[in-house]
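One letter stands for each residue in the lines below.
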Amino acid sequence: MPSHLYADRSAQPPEPGSVDALISQTRRLRGEVDAVRRDTVVDDDDAQGRWQRALCDLAVHHLDDLGQHLGQLKEGLPPAPEHAELPPAPPETASEDRQTRVGSAEWNLLTDEVTWSEELFQIFGRSPEAGPLPLDELGSTLFSEDQPLLTAMVTDCLVDGKPIDGEFRIVRADGRVRTLHMRGEPVLDADGCTASMWAVLRDVSELRRSQRAERESRDSLQRRREIAQTEHRLAVELQEAVLPPWRGSLRFPHDDAAALDVAAHYLPSATSSLIGGDWYDALELPDGRSLLTVGDLTGHGVSATSGMAMLLGALRGMAMAGIEPGPLMGWLNQLLETSAQPALGSAVCCRYDPARRLLSWAQAGHPAPLLFRRGQGRALQPPEGVLLGATSGAVYGQAEELLEPGDVLVLYTDGLTPHGVGFTRADQTERLLALAPRFSAARSARDCVRMVTEEFGESGREDDACVLVARIGG
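In this text the structure is predicted, and so the values were computed from the model without any measurement.

Trainee: Break down helix 7 (residues 205–242) for me, citing the residues and quoting the values.
Mentor: Compared with the 56 Å implied by 1.5 Å per residue over 38 residues, the 54 Å span of helix 7 between its first and last C-alpha is a close match. Taken residue by residue, helix 7 has S205, L207, R208, S210, E214, S217, S220, L221, A235, Q239 and V242 as its buried positions.

Okay, here's the thing in structure tokens:
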């Protein structure tokens, strides 16, 4: 059984200097936390920011309570020396709530006298003229489901001498609901009998609201993280299912002089969490010609990869059906226009005829293929073509280029270099063209891809990217 508080027991007050120091530290810390809270900018969709703001609110409430308790403790201390000065307190907010947050009461079992502090009347919203509530009437202000808890706590205190420590909700006369935390003990007379019961009641409504807000924000953030992880996993799985199954290099079985050696590589973003709609593909068509393509759909996540899957599937089907690159782009544009998820896309589509070593190609707002020949590189002159999904009924031109044995063709998507001030599409094109001497010494398309990844790095980019290299002959 816990020790009881005897009526004639006296407590030794703490030193005033130590309490003043604690008050000063609490005020300073409260001001710093409040400054962090004010600086926290929260958007409606920012679950992380809302959680951080809720934690700051909770910390401020705890520090307000601590300051209130220390202030009450200081009031009971002997007068401090005249030279002792406290730093000025920071401006208070919601002063009425803070001043009425803690109240005390004592119920005398021998005389039926009830004593409430002024603060307790304010907490209950009760006029001092109406008088304090006796113990047997206190439960009438509680929620019906909380009344058994109060009855059990008071009974255990008066009968078994157990301290009171619990929370309940009250409905004030003005209809406001408050949550109170009650702590108390029996006071024994000289004969060891219960003479009275005292209690300190603390209004923890704002604290509990802050805790609920923090908990709900944390739960919301956790749910968003789980959803994001699930979507990321689905995007990765969809991307892996849609992109070509071949890895490394691919060699189409043409005659030696016009054989097509192809290699490609997907370069993820720096965080690997932004799975975009970049694609690459190479396949041999029924008429003996070959398809080479790369592209990029705006956006990230499942929506981008699902849109990419739709476009790439349509592109493969139309290429297999013999549709030329220019008209094929027009059909892709129309497909994207009618898509349930509006988006923009860029693409380049090439058809290679090994019999004539002729490259026919079209583009939709995409970087032109780069042609490397005998240690020199240049971008092909692009035909007319706007972004996919940008203009209804857009017409896409088609260009042709004769290739020679040993030529290296590089197709790529934006994202090899960072976006923003100081970096343009021309920068990554120039860096790729600067690889011309190294490409001329390469023995395979796979070697060329490795040189590109070494130049631009496997990581560190803001967006994902694809590069496809085709080498003629050799």
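Once the structure has been displayed, the description carries forward.
Trainee: Which residues make up the pairing of strand 9 (residues 279–284), and what are the values?
Mentor: Along any regular strand, the residues point their side chains to alternate faces of the sheet. Most of strand 9 is tucked away, with 5 of its 6 residues classed as buried. As defined by bridge partners, strand 9 adjoins strand 10 (residues 290–297) across 6 bridges and the pair is classed as antiparallel. Paired with L283 across the two strands is L291, which belongs to strand 10. Counting the residues in the hairpin turn of strand 9 and strand 10 gives 5 residues, including G288, whose phi is positive at 95°.

Trainee: Account for the sheet that holds strand 16 (residues 408–412), naming residues and giving values.
Mentor: Read from one edge of the open sheet, 6 strands run 7-8-17-16-13-14, paired in antiparallel fashion. Across the chains shown, the open sheet's two edge strands, defined by having one partner strand only, are strand 7 (249–252) and strand 14 (376–379). Strand after strand, the sheet turns through a mean of 20° between neighbouring axes, direction not considered. As paired elements, strand 16 and strand 17 (residues 465–472) share 5 bridges and run antiparallel to each other. Residue pairing in the sheet places L411 in a bridge with L468 of strand 17. Across the face of the sheet, helix 12 (residues 445–456) comes into contact with strand 7, strand 8 (260–267), strand 16 and strand 17 while running at roughly 25° to strand 8.

Trainee: Lay out the pairing of strand 14 in plain terms, naming residues and giving numbers.
Mentor: Here strand 13 (residues 370–373) pairs with strand 14 via 4 bridges, running antiparallel. Of the residues in strand 14, the one forming a bridge with F372 is G377. Connecting strand 13 to the antiparallel partner strand 14 that follows it, the hairpin turn spans 2 residues, and R374 within it adopts a positive phi of roughly 50°.

Trainee: I'd like a description of unusual backbone geometry, backed by residues and values.
Mentor: Positive phi outside glycine occurs at D112, with the angle close to 60°. Relative to the helices and strands, D112 resides in the loop between strand 2 (102–108) and strand 3 (114–116). Judged by its relative accessible area of 65%, D112 is exposed. Even without a glycine there, the phi angle at R357 is positive, about 50°. Structurally, the position occupied by R357 is in the loop between strand 11 (345–353) and strand 12 (358–364). Given a relative accessible area of 24%, R357 falls into the partly exposed group.

Trainee: Mind laying out the nonpolar core, listing which residues take part and the relevant values?
Mentor: In terms of nonpolar packing, the biggest core is built from 53 residues, with L292, M329 and L468 touching the most fellow members. Core analysis: the second largest hydrophobic core is formed by 23 residues, A105, W116, V154 and A199 among them.

Trainee: With reference to specific residues and values, describe the side chain of D278.
Mentor: Following the sequence through the fold, D278 ends up in the loop between strand 8 and strand 9. You can call D278 buried: its relative accessible area is 0%. A distance of 2.7 Å separates a polar atom in the side chain of D278 from a polar atom in the side chain of T413. Excluding anything up to four places from it in sequence, D278 contacts L243, G295, D296, M308, T413, D414, D464, A465 and C466.

Trainee: So what's going on with the sheet that holds strand 10? Which residues, and what values?
Mentor: Here 5 strands make up an open sheet; going across it, the order is 9-10-11-12-15 and the pairing antiparallel. The open sheet has two free edges, formed respectively by strand 9 and strand 15 (399–402), since each of these has just one partner strand. Ignoring strand direction, the axes of neighbouring strands in this sheet form an average angle of 15°. Inspection of the sheet shows strand 12 paired to strand 15 by 4 bridges, in the antiparallel sense. Looking at the pairing, L358 lines up with L402 of strand 15. Here helix 8 (residues 302–320) sits on the sheet and contacts strand 9, strand 10 and strand 11; the angle it forms with strand 9, its principal contact strand, is near 20°.

Procedures and definitions
- Numbers given for residues are sequential positions, taken from 1 along each chain in its written order.
- Residues qualify for local features only when their pLDDT is at least 70, as the model is predicted, and side-chain atom pairs are given and counted only at 80 or more; totals for whole chains, interfaces and linings, by contrast, use all residues.
- No hydrogens and no water enter the side-chain calculation; it runs on all heavy atoms of the structure.
- Every helix listed is a DSSP run of H or I at least four residues long, and every strand listed is a run of E at least two residues long, numbered separately from the N terminus.
- Any helix carries an expected span of 1.5 Å times its number of residues minus one.
- Here's how the labels work: a residue is buried when its accessible area is under 20% of the maximum for its type, exposed when over 50%, partly exposed in between, all with a 1.4 Å probe on protein chains only.
- Here a strand pair is declared whenever DSSP counts at least two bridges between the two strands.
- Each axis is a line fitted through C-alpha atoms, taken for helices only over the stretch in contact, and angles between the N-to-C directions span 0 to 180 degrees.
- The contact definition used throughout considers only heavy atoms, calling two residues in contact when any of these lie within 4.5 Å.
- Residues grouped as a nonpolar core are buried Ala, Val, Leu, Ile, Met, Phe, Trp, Tyr and Cys residues, joined through side-chain atoms within 4.5 Å.
- Under this definition, polar contacts are N or O atom pairs within 3.5 Å; protein pairs additionally need one hydrogen-donor-capable and one acceptor-capable atom, and for neighbouring residues in sequence, both atoms have to be side-chain atoms.

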